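# Structural features, examined
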Amino acid sequence: MTYKKKIIYDSGIEIKPVYLPNDISATSNQPGEFPFTRGIQADMYRGKLWTMRQYAGFSTAQESNKRYHYLLSQGVNGLSVAFDLPTQIGYDSDHPLAEGEVGKVGVAIDSIEDIQALFNGIKLEDVSTSMTINATGFILLSLYVALAKQQGADLNKISGTIQNDILKEYAARGTYIYPPKPSMRIVTDIFEWCSQELPKWNTISISGYHIREAGSTAVQEIAFTLSNGKAYVKAALEKGLDINVFGKRLSFFFNAHNNLFEEVAKFRAARRMWANMMKELGATDPKAMMLRFHAQTGGSTLTAQQPMNNISRVTIQTLAAVLGGTQSLHTNGYDEALSLPSEEAAKIALRTQQIVAFESGAPDTADPLGGSYFIEGLTDEVEAAAWKLIEKIDAMGGSVNAIEEGFIQNEIARSAYEYQRKVETNEQIIVGVNKFQVKEDTVISPFRIDDSIRSLQTEKLKRLRNDRDKAKVDQLLQQLNDKAISGENLIPAVIEAVENKITLGEIADELRCVFGEYK
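So, here is what we can say about the structure in this document.

## Structural notes on the overall build of the chain
If you tally the helices and strands in the chain, you get 20 helices and 11 strands. Taken against the 2.2 N^0.38 rule, which gives 24 Å for 519 residues, the C-alpha radius of gyration of the chain at 23 Å falls within 12% of a compact globule. Judged by the C-alpha coordinates and their principal axes, the chain covers about 80 × 60 × 45 Å. Here the chain holds 519 residues, and the buried ones make up 58% of them. For the chain, restricting intrachain contacts to residue pairs at least 6 apart in sequence, the fraction spanning at least 24 positions comes to 78%. Accessible area of the chain: about 21200 Å², with a carbon and sulfur share of 50%. Across the chain, 55 positive and 65 negative side-chain charges occur, with their mean positions spaced 3 Å apart.

This is the structure in structure tokens:
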């Protein structure tokens with residue numbers, strides 16, 4: 001039979017009109033068995049549902065704390081913290097470069113006082129907290145640990161994730177501070193310290209999310225992310241760390257886009273690839289070979305036009321993440337193409353997860369799409385295409401070199417350009433944008449942050465600096481400087497610094513003096 005219409009996904013994979021048994025290379029193993037294509041637990045969501053998170057953080061710590069209490073009251077069982085840009089790149093709120101950005105895309109955190117306010121009334125032993133922070137991730141982790149100690153918490157029970165994925169910042173997002181080598185050293189310091197002191201903490205969330213948001217394809221997302229993961233593992237091995245110990249605390253962060261079947265195939269392929277990659281790198285414990293991931297629905301898929309359509313998009317993306325076996329999920333608000341999510345949009349986003357969990361039947365059996373000729377064939381094709389890209393990166397000497405040479409950035413830019421070209425020529429339909437447009441009559445009031453937040457934070461910083469032991473501050477910053485030069489693990493020194501009211505910006509600046517800044 002001849003078919004006229006040819007369908008090729010953005011990744012370059014041509015989709016057959018029908019899939020048959022001979023399109024499947026081999027029968028997948030059972031869920032919970034190496035290489036974990038069908039999921040990392042034998043019973044998947046029958047044993048435990050995915051953690052439902054809502055990404056939130058804005059304005060001051062006190063305002064964000066109110067949103068956290070609201071979300072917890074609505075059934076969220078994991079917090080996910082967004083930080084403002086000054087916090088992400090190591091500037092206190094009173095720094096000249098922070099002007100106009102304080103509290104805008106996340107919460108402003110300058111000191112131990114802010115972290116106390118952020119989690120006021122929340123026992124850290126009782127929640128799992130994910131923090132989307134990279135260049136200053138080691139400082140935010142130290143602040144979190146300092147607060148846990150103040151609460152009298154057992155550090156063996158503290159759970160959560162720190163993103164801590166600096167390589168993708170150079171390739172896709174740009175919130176880096178230090179050059180790659182000292183940045184990688186900080187990452188492995190976190191691996192080492194947490195393996196001894198914070199055993200339930202996920203020490204890194206290797207992020208494909210921002211790679212996809214920057215314009216990559218699904219295949220590029222997992223290829224570049226797994227290559228970055230490989231670089232972190234090699235750096236930890238070079239430091240003498242045990243892959244069977246730190247490997248269990250590695251996690252991933254992927255995007256969930258609109259193409260339901262490609263996304264499910266992507267998640268299945270990524271698990272299989274990582275298991276084989278870790279085995280090749282020397283892992284023998286099956287738990288160190290498992291790819292555990294958090295997913296977030298696609299921010300770049302949301303439209304400012306007809307924003308209520310985004311509820312449907314987020315529902316499809318939620319199903320993709322659940323059918324693909326995520327361990328944790330954040331769903332975007334329908335108004336996020338316009339502003340930070342309103343309380344109403346955040347509630348609808350959470351209810352979307354809850355409806356899929358309790359009404360759709362999707363979680364009732366492990367890997368419900370497994371065995372589909374289409375899904376199995378597509379999983380194989382996504383994997384094969386991703387391995388080709390990883391082989392190119394390996395030939396360059398790994399992710400760090402591929403980033404320094406601009407290969408990964410150029411590949412993402414090429415894909416982003418090609419996608420935009422398709423939108424503008426109507427080869428790619430976006431409902432409400434280039435087809436099915438209507439005259440907009442629904443007015444959504446954007447959620448805005450007041451510029452006075454910077455003044456509030458500046459006053460707090462002034463009081464904090466007046467109310468601390470200056471000699472002790474100088475001594476602890478010198479100690480941090482000495483450890484940065486000597487190569488000792490930095491985390492204990494940073495924890496002691498924040499406990500003594502040294503600010504995030506002061507710590508970041510002290511290390512700028514030693515490591516320099518990446519330009």
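## As for the packing of helix α10 (residues 260-280) against helix α12 (residues 309-323)
Across the interface, α10 lies against α12 with an axial gap of 8 Å and an inter-helix angle of 30°. It follows from the interaxial angle that α10 and α12 lie roughly parallel. Both α10 and α12 take part in a crossing whose hand is right-handed. The segment α10 lies against α12, with Leu260, Glu263, Val264 and Phe267 engaging Ile316, Leu319, Ala320, Ala321 and Leu323. For the contact of α10 with α12, the class distribution of residues is 8 nonpolar, no polar and 1 charged.

## Examining the side chain of Ser328
Residue position: Ser328 is located in strand β11 (residues 328-330). Owing to a relative accessible area of 7%, Ser328 belongs among the buried residues under this scheme. Setting aside chain neighbours within four positions, we find Ser328 in contact with Trp50, Thr51, Arg53, Phe293, His294 and Ala295.

## Description of the packing of aromatic side chains
Inspection of the entire model under this criterion finds 18 aromatic pairs. Ring geometry for Tyr176 against Tyr518: centres 5.1 Å apart, planes inclined by 85°, an arrangement best described as edge-to-face. Of the two residues, Tyr176 is situated in the loop between α5 (167-173) and α6 (180-197) and Tyr518 in the segment after α20 (504-515); the sequence distance between them amounts to 342 residues. Using a relative accessible area of 27% as the deciding quantity, one classes Tyr518 as partly exposed. Considering the side-chain rings of Tyr178 and Phe515, the 5.6 Å spacing of their centres and the 75° angle between planes classify their relative orientation as edge-to-face. Of this pair, Tyr178 sits in the loop between α5 and α6 while Phe515 sits in helix α20, and the two are 337 residues apart along the sequence. According to the relative accessible area criterion, Phe515 is buried, its value standing at 14%. Each residue in the set Phe252, Phe254, Phe267, Trp274 and Phe293 is aromatic and connected to the rest through ring pairs, giving one cluster. Its end group placed over the ring of Phe34, Lys279 keeps NZ or CZ at 4.8 Å from the ring centre.

## What to know about the environment of Pro35
Locating Pro35 in the fold gives a position in the loop between β2 (14-15) and β3 (51-56). Residue classification places Pro35 among the buried positions, given a relative accessible area of 10%. Put simply, Pro35 and Ala171 are 136 residues apart on the chain and 28 Å apart in space, counted from C-alpha to C-alpha. Look past the residues within four positions of Pro35 in its chain and what remains in contact with it is Asn29, Arg271, Arg272, Ala275 and Asn276.

## Notes on the environment of Gly299
Along the chain, Gly299 turns up in the loop between β10 (293-297) and α12. Setting aside residues up to four positions removed in sequence, Gly299 forms contacts with Tyr209, Glu213 and Asn332.

## What about the pattern of salt bridges?
In total, this model carries 32 salt bridges according to the counting rule given. Asp92 is the salt-bridge partner of Arg465, the closest N and O atoms lying 3.0 Å from each other. In this pair, Arg465 sits in helix α17 (residues 453-466) while Asp92 sits in the loop between α2 (85-88) and α3 (112-118), placing the two residues 373 residues apart along the sequence. Salt-bridge contacts for Arg212 lead to Glu263; the nearest nitrogen and oxygen are separated by 3.2 Å. Here Arg212 is found in helix α7 (residues 209-213), whereas its partner Glu263 is found in helix α10, with 51 residues between them in sequence. As far as the burial class goes, Arg212 and Glu263 line up, both buried. Several salt bridges share partner residues, and in doing so they unite Asp92, Asp94, Arg465, Arg468 and Glu506 into one network.

## Details of unusual backbone geometry
Cis geometry is adopted by the peptide bond preceding Pro35, which originates at Phe34 and carries an omega value of 5°. The phi angle at Gln306 is positive, at roughly 45°, despite the residue not being glycine. Tracing the chain through its elements places Gln306 in the loop between β10 and α12. Relative accessible area serves as the criterion here: at 15%, Gln306 is assigned to the buried category. For Lys501, which is not glycine, the phi dihedral falls at a positive 70°. Among the structural elements, Lys501 can be located in the loop between α19 (491-499) and α20.

## A short note on the packing of helix α4 (residues 137-150) against α19
Contact geometry for α4 and α19: axes closest at 9 Å, N-to-C directions at 60°. The handedness of the crossing between α4 and α19 comes out as right-handed. Contact with α4, carried on its side by Phe138, Ile139, Ser142, Leu143, Val145, Ala146 and Lys149, involves Ile491, Val494, Ile495, Val498 and Glu499 of α19 and no other residues of that element. In the contact of α4 with α19, the residues fall into 9 nonpolar, 1 polar and 2 charged.

What counts and how
Residues numbered from 1 in each chain as written. Predicted model: local features only at pLDDT ≥ 70, side-chain atom pairs only at ≥ 80, totals over all residues. Heavy atoms only, no water. Helix = DSSP H or I, 4+ residues; strand = E, 2+ residues; numbered from the N terminus. Rg over C-alpha atoms; globule rule 2.2 N^0.38 Å. Buried < 20%, exposed > 50% of the residue type's maximum accessible area, 1.4 Å probe, protein only. Contact = heavy atoms within 4.5 Å. Areas by Shrake-Rupley, 256 points an atom, 1.4 Å probe, with all protein chains shown as cover. Lys, Arg positive; Asp, Glu negative; His and termini not counted. Charge placed at Lys NZ, Arg CZ, Asp CG, Glu CD. Axes fitted to C-alpha atoms, helices over the stretch in contact; angles between N-to-C directions. Parallel < 35°, antiparallel > 145°, perpendicular 65-115°, else oblique. Left-handed = near helix turned anticlockwise from the far one by under 90°. Nonpolar A, V, L, I, M, F, W, Y, C, P; charged D, E, K, R; others polar. Phe/Tyr/Trp six-rings, centres within 6.5 Å; stacked < 30°, edge-to-face > 60°. Lys NZ or Arg CZ within 6 Å of the ring centre and 35° of its normal. Salt bridge = Lys/Arg side-chain N within 4 Å of Asp/Glu carboxyl O.

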